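# Remarks on the overall topology
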Amino acid sequence: MTKNSANLRVRLPALIFALEVMIIVLYAVFVTYDDHTNALLQTNMTKPMENAVYQDYPFFADIQMMIFIGFGCLLSFFQRYGFGGMVFNFLTATFAIQWAILIQGFFHFYYDGKIHLGVINLINAEFACAVVLISFGAVLGKTSPVQLLVSLFEILFEVCKSCSYLKINDAGGSILIHVFACYFGLGVTFILYRPSLNDGHSKECTSYQSDMLSVLGTLFLWVFWPSFNCALTLRGDDQHRAILHTFIGLSASTLTAFALSAMLNKNGKLSMADVQNVTLAGGVTVGASVDMMITPAAAYALGMLGCTACMLGYKYLSPFLARRLRVQDQCGIHNLHGLTGLISTVAAIYPQLAELQELIPGLKAGLGRTAKEQALYQLAALGSTIALAAVGGMLTGLLLKLPYLASPSDEFCFDDELFFNVPADYNQAPVLLYCATNWNTIALFYVVQHGAVTNTGWELSIHLLSTSVCFA
Amino acid sequence: MTKNSANLRVRLPALIFALEVMIIVLYAVFVTYDDHTNALLQTNMTKPMENAVYQDYPFFADIQMMIFIGFGCLLSFFQRYGFGGMVFNFLTATFAIQWAILIQGFFHFYYDGKIHLGVINLINAEFACAVVLISFGAVLGKTSPVQLLVSLFEILFEVCKSCSYLKINDAGGSILIHVFACYFGLGVTFILYRPSLNDGHSKECTSYQSDMLSVLGTLFLWVFWPSFNCALTLRGDDQHRAILHTFIGLSASTLTAFALSAMLNKNGKLSMADVQNVTLAGGVTVGASVDMMITPAAAYALGMLGCTACMLGYKYLSPFLARRLRVQDQCGIHNLHGLTGLISTVAAIYPQLAELQELIPGLKAGLGRTAKEQALYQLAALGSTIALAAVGGMLTGLLLKLPYLASPSDEFCFDDELFFNVPADYNQAPVLLYCATNWNTIALFYVVQHGAVTNTGWELSIHLLSTSVCFA
Amino acid sequence: MTKNSANLRVRLPALIFALEVMIIVLYAVFVTYDDHTNALLQTNMTKPMENAVYQDYPFFADIQMMIFIGFGCLLSFFQRYGFGGMVFNFLTATFAIQWAILIQGFFHFYYDGKIHLGVINLINAEFACAVVLISFGAVLGKTSPVQLLVSLFEILFEVCKSCSYLKINDAGGSILIHVFACYFGLGVTFILYRPSLNDGHSKECTSYQSDMLSVLGTLFLWVFWPSFNCALTLRGDDQHRAILHTFIGLSASTLTAFALSAMLNKNGKLSMADVQNVTLAGGVTVGASVDMMITPAAAYALGMLGCTACMLGYKYLSPFLARRLRVQDQCGIHNLHGLTGLISTVAAIYPQLAELQELIPGLKAGLGRTAKEQALYQLAALGSTIALAAVGGMLTGLLLKLPYLASPSDEFCFDDELFFNVPADYNQAPVLLYCATNWNTIALFYVVQHGAVTNTGWELSIHLLSTSVCFA
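Computed from a predicted model, the values in this text were never measured in an experiment.

## Considerations on the overall build of chain A
Secondary structure assignment for chain A yields 15 helices and six strands. The buried share of chain A, reckoned over its 472 residues, is 64%. When contacts within chain A are restricted to residue pairs at least 6 apart in sequence, long-range pairs at least 24 apart make up 77% of them. On chain A, roughly 16000 Å² of surface is accessible, and the fraction owed to carbon and sulfur atoms is 63%.

Okay, structure coming up:
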């Protein structure tokens, strides 16, 4: 079943070891401790419990749960790609965070010739990692781990973007994370378009257990999203508002998702894919204004609005993008991150105007902008983010088309057997035994059933087992 | 397979949108920020790290994990009702918390014409939500999501109860949450009695995977129960004792549950249902005295005692209630929450007397009661809670019997296919192929097996596939 | 299917109740509150938020998640021993912590005639519990719960060891937990050697779902390992470094594990067992030096090194130990805890020398040792730990061979059906129906398939169902 062109035996270790050598050399030369991790900088006056780790580590751990457990389970919704979903998420996230520590370290934590490291760096790296994982969703099941590791270039793009001369307000990362990740991922999948997948793929289905595990992932993301949205906001009432608004937004989008799912399905039944994805829309939509005084009712409204856009996207926009624009968005990231991120960014303009005018006018004086100018900068940042992301995504897509990156063929998409040793029950479609008999002779056959039984029959392969058997 | 009377396509969206409109209007008119979330109330003297969010959010997140992940997994023990268990728990909990924020807001957080909102409100709402979810257990698999949303009336009852003029000591919510939820749920299930379910239902069974996921839910509840029991106790040593006692109580009930499970099963084997439910009894039983100086040994004893009562309830009381009193307690909430809650409340009377007499006599002076009077009030509170809960439950049950609430028929209880689009493997009972042959003619049949094979045979449906097949 | 010698109906309750009586008596006589849990010791000057619980409880809860959820899921990788893995882990961990509270209480928290209890005791007990659970991995699937409870003796050994007159530096517990647990477990399994298992066992395989659940357990352990390694280090920058180094070490071992897995498997595919186990090696390997100023690059290197040793152990050393030295290490604990623990301990010697010489020379004056002496003590401690562990393990193994401990026979190893009531789908291998027909008579057989279909056929049992059937 393995095809040589997808064999990882040399390529994956070679790539990983090369990257690790590069990383460890960079660590050895450039990475040292920051003020909160360096024992030499602690004095008799230092109060141990005031170390930044006690403020940072809880949020860091919550986001780790989202990244490795929440995302890992969520992405394992395919019947035969559970290993790929959960485990390639593990690999990609691990590498993305390592690389982000270095890149963000050079751009944001670099002084005295060294990158200074503490848990706060890890939190920032988690946000960069989130960009990668969201984009990953667009090509889930259609790439190899070698291709995924090459995604490091995405982080370079992401960090450059975050250094943009445009100063923007984006506490929950709606522009920098969700919008960028979405259009980057769409850029990649546009280049990696597979025409034969447009009519579906036999393995592009879920199983009862995979749906259960996937919605469990949704619940982890849902529960800890407030930590994600507040981790990089100002301590104190800003973080408190961020937590509150995220909870309200998610809560509203959850109810709305159930309503729309029943409403838009012809038979009035709920769809697990909607519960797995659309319920989360509120967390993205409140993102850009999550620490502002937008009022709880506004957070609720954003949740409902983002959810509606996300659901309509799943039902109508994604099929259109796949059929007409050659954009096969596997997990529907454009709905959950793109549309909602756009709404979030636009919705944040007004509260920002209000904040600038009413709250603490003197605070923004240094930037010398009027409220209108700030709004224009916000929209300009949005537009340039989308453009940069799409271009970056397409360039990365071209890179991923290089040979020797172990890209799966169409037939082996969404199939764990390509890259994993699978257990015996992986292919254990019910094996059906039948016999044909004539007088005393009995011919015993076994028939392997592939796929579910339908009215027109089902795909079988027939194998002769023996030509005589004893009656027990 | 769908029956029109259970079609959600209009009813669920209509109900949800109506509720959401009501909620968002109430939020817009009445809900604002409290002292810790209002940026306008922060001054130069405010210390950001002293914001209440840093004390409240960790407990809030732990309880979220219990509610959405722990309860969600625990309730997915039915072989064919995993979606319903986990996802309807998600929906119900989301709505219950939203509604509780408003109701409790009006009763407890209302001043200057507004409900003042912070994470502390969310914690209180989680407790009200727990009441709803516990009751939900009594009717698991036998209601529609429309009926579940109507459970909001339960919260009205619960909050009214908590405003009772009887002042009682109940840190872990043993009376207000467990006892009330239990008898409310029993009241509901009494009215919604389904005679045909008394001999069991073909889908009222577990699968290997559903048992695994359910016990995983148990473990989440077990690990975070200390956070639940301490979240609303006084900060400092009270919270520390609450955590300690909860851990000890759960630990004791876990060992006892294993012992009793092996002892009370005829074949000496352990029952997964016991591990999923009875191990948790200790967390409830320490509840009413969890922050008092009861001694660690007393917490241990309460764990053993509550577990024993819970197990005996599962083995002997629940079948009796179902057969003789028309109370079909699906998840055995009377054992895990009712009996244990009663023991907890009664057991708390003595320590309370001791506290009043020895610890800080002057503290309770304002209430002007003697110790005996306090004990009588405790018992009166217990009795009135049970009465109010049972009556409230029965009234809610009557409400749920109204038409147009999409109630499942007996045949479609415990069946995800009624309300969800299910994956292809949902009905994939092993398909058995056989043939009958005479001379050269072979008739090929496929037979769908329903349920497990037993000595008397098994339920089959036989379908003719074709009348000739080639030998391979 | 049950064999009398493995019947738990009397033995398990008898043992548990005896232990519980002993525990509760010891609690009643000896266990009281410590300074942070005793209400009588709080004054008007006490600041509630400075109670130790707020520093201790978060780490305690994180490690609880590792123990009950992470370990529980990880150990459920066998196709037919999921219940045993997750649930016996639950039972063993619960009892181990209870017993450790007492034993460690007498050795470390005893004054004024009482054991003083707070959450800090629970954290210490969790570490002792980890020893037991790691050892459990060596005999997974081959013992009864009665035998597991007898493991309490392990804790006695472990605690005695920790009171060793040798003062050693071991923040992450590399010697005291990982090395001791590993060689203790190997000592046990050496005595409990089962020759017939050397060629494998039909149930010693995984299923798709069990592999998914097991890697989910890995992810929980991975995410919270920093909490484990830092919980007992000094507050402040020490804890911050511990968290940082653990994350870096795990991150490095994760990438290395993927590389080596693809490289060392003949077909270049990834093995789920590698992802489940070897990715965690970094957490152990940084353990002994986790709070020191070893530099982030050193943590990275330790992660890569420990992972490589662990992987080579799985591929080459474990089979050798099983075939030649009669050591059947079921979960490969020697690779994940033994080899890595050894590397960790040896690697910690140099940084320790550096610390003693450069950081705070005066601090260690009380011990009166030079740097070289400290290194020699470290190696002596390592050697004596291994010896004591191995001997203790073998003695415990001999104890576990006593009759009446319900030890499973070879045939019923890795089989939940021995100790649990299993659901109907447990044995539901595809049931194959066939018929033989002659003229009008049709004989209907059902055939139960055991195991997967291979080219040489498969194991069947044939049962006559009836001798005539109607054509539908």
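## A closer look at the sheet that holds strand β2 (residues 110-111) of chain A
All names here are of chain A. With respect to topology, three strands assemble into an open sheet ordered β1-β3-β2, the strand pairing being mixed. The open sheet has two free edges, formed respectively by β1 (31-33) and β2, since each of these has just one partner strand. Taken together, the two bridges between β2 and strand β3 (residues 114-117) define a ladder with antiparallel strand orientation. Its bridge partner lying in β3, Y110 is registered against I115. Most of the contacts of helix α1 (residues 11-30) go to β1, to which it runs at about 50 degrees, and overall it touches β1, β2 and β3.

## Things to note about the environment of C:L19
Residue and element names in this part refer to chain C. Relative to the elements of secondary structure, L19 occurs in helix α1 (residues 11-30). You can call L19 buried: its relative accessible area is 6%. As a C-alpha pair, L19 and L149 span 130 residues in sequence and 9.4 Å in three-dimensional space. The residues touching L19, leaving out its near neighbours within four places in the chain, are F95 and L152.

## Concerning the sheet that holds strand β3 (residues 114-117) of chain C
All names here are of chain C. Read from one edge of the open sheet, three strands run β1-β3-β2, paired in mixed fashion. Where the open sheet ends on each side, the last strands, each with one partner, are β1 (31-33) and β2 (110-111). The sheet strands contacting helix α3 (residues 82-108) are β1, β2 and β3, and the helix crosses β3 at an angle near 110 degrees.

## Quick notes on the confidence of the model for chain A
Residue and element names in this part refer to chain A. On average, residues of chain A carry a pLDDT of 85, and 81% of them reach 70 or more. The low-confidence segment residues 361-367 (pLDDT under 50) makes three contacts with residues lying over four places distant or belonging to another chain. Note that pLDDT drops below 50 for residues 451-458; the model gives that stretch 15 contacts with residues more than four away or on any other chain. Two summary scores accompany this predicted model of the complex, namely pTM at 0.91 and ipTM at 0.89.

## Let's talk about the pattern of salt bridges
Two side chains that carry opposite charge are able to pair once their charged atoms sit near each other. Scanning the model with the defined rule gives 21 salt bridges over all chains in all. For A:K315, the salt bridge identified is with A:D274, shortest N-O distance 3.2 Å. With A:K315 in helix α12 (residues 296-324) and A:D274 in helix α10 (residues 272-277), this pair connects stretches of sequence that are 41 residues apart. On the basis of relative accessibility, which here comes to 24%, the residue A:K315 falls in the partly exposed class. The class of A:D274 is buried, set by a relative accessible area of 4%. Between C:K203 and C:D415 there is a salt bridge, with its nearest N and O atoms 2.5 Å apart. Here C:D415 lies in the loop between α14 (371-400) and β4 (431-438) and C:K203 lies in the loop between α7 (174-191) and α8 (208-230), a separation of 212 residues in the sequence. Neither residue differs from the other here; C:K203 and C:D415 are each classed as buried. Bridged by salt links that share partners, the residues A:D237, A:D238 and A:R241 form one connected network.

## Topic: the nonpolar core
Within the largest apolar cluster, 429 residues are counted, with the highest numbers of intra-cluster contacts made by A:M65, A:F220, B:M65, B:F220, C:M65 and C:F220. If sequence neighbours within four positions are ignored, C:M65 has contacts with A:M65, B:M65, B:F220, B:V223, B:F224, C:G70, C:F220 and C:F224.

## Topic: a nonpolar patch on the surface
On the surface, a cluster of nonpolar side chains totalling about 340 Å² of accessible area is made up of B:V391, B:M394, B:L395 and B:L398. Along the chain, the position of B:L395 falls in helix α15 (residues 371-400).

## A word on the packing of helix α9 (residues 237-264) of chain B against α3(C)
Across the interface, α9(B) lies against α3(C) with an axial gap of 10 Å and an inter-helix angle of 130 degrees. As the angle between them shows, α9(B) and α3(C) are arranged oblique. Viewed along their axes, α9(B) and α3(C) form a crossing whose handedness is left-handed. Each of B:F247, B:S251, B:A252, B:T254, B:L255 and B:F258 in α9(B) lies in contact with α3(C), whose residues at this interface are C:V87, C:F90, C:L91, C:T94, C:F95, C:I97, C:Q98 and C:I101. Each residue belonging to the contact of α9(B) with α3(C) can be placed in one class, and the counts come to 10 nonpolar, four polar and no charged.

## Let's talk about the state of the cysteines
Taken as a whole and assessed by the stated rule, the structure comprises zero disulfides over all chains. Counting only cysteine sulfurs, B:C310 is the nearest neighbor of B:C307, a cysteine outside any disulfide, at a range of 6.6 Å.

## Some thoughts on the pairing of β3(C)
All names here are of chain C. Relative to β3, β1 is paired through three bridges, and the arrangement is parallel. Bridging from a neighbouring strand, T32 pairs with H116 of β3. Linking two consecutive strands that pair antiparallel, namely β2 and β3, is a turn of two residues; a positive phi of about 55 degrees is found at D112 within it.

Procedures and definitions
- Residues numbered from 1 in each chain as written.
- Chains lettered and ligands numbered in written order.
- Predicted model: local features only at pLDDT ≥ 70, side-chain atom pairs only at ≥ 80, totals over all residues.
- Heavy atoms only, no water.
- Helix = DSSP H or I, 4+ residues; strand = E, 2+ residues; numbered from the N terminus.
- Buried < 20%, exposed > 50% of the residue type's maximum accessible area, 1.4 Å probe, protein only.
- Contact = heavy atoms within 4.5 Å.
- Areas by Shrake-Rupley, 256 points an atom, 1.4 Å probe, with all protein chains shown as cover.
- Pairing = 2+ DSSP bridges.
- Axes fitted to C-alpha atoms, helices over the stretch in contact; angles between N-to-C directions.
- pLDDT = per-residue confidence, 0-100.
- Salt bridge = Lys/Arg side-chain N within 4 Å of Asp/Glu carboxyl O.
- Core = buried A, V, L, I, M, F, W, Y, C linked by side-chain atoms within 4.5 Å.
- Patch = residues over 30% accessible without salt bridge, like charges linked within 9 Å, V, L, I, M, F, W, Y side chains within 5 Å.
- Parallel < 35°, antiparallel > 145°, perpendicular 65-115°, else oblique.
- Left-handed = near helix turned anticlockwise from the far one by under 90°.
- Nonpolar A, V, L, I, M, F, W, Y, C, P; charged D, E, K, R; others polar.
- Disulfide = S-S within 2.5 Å.

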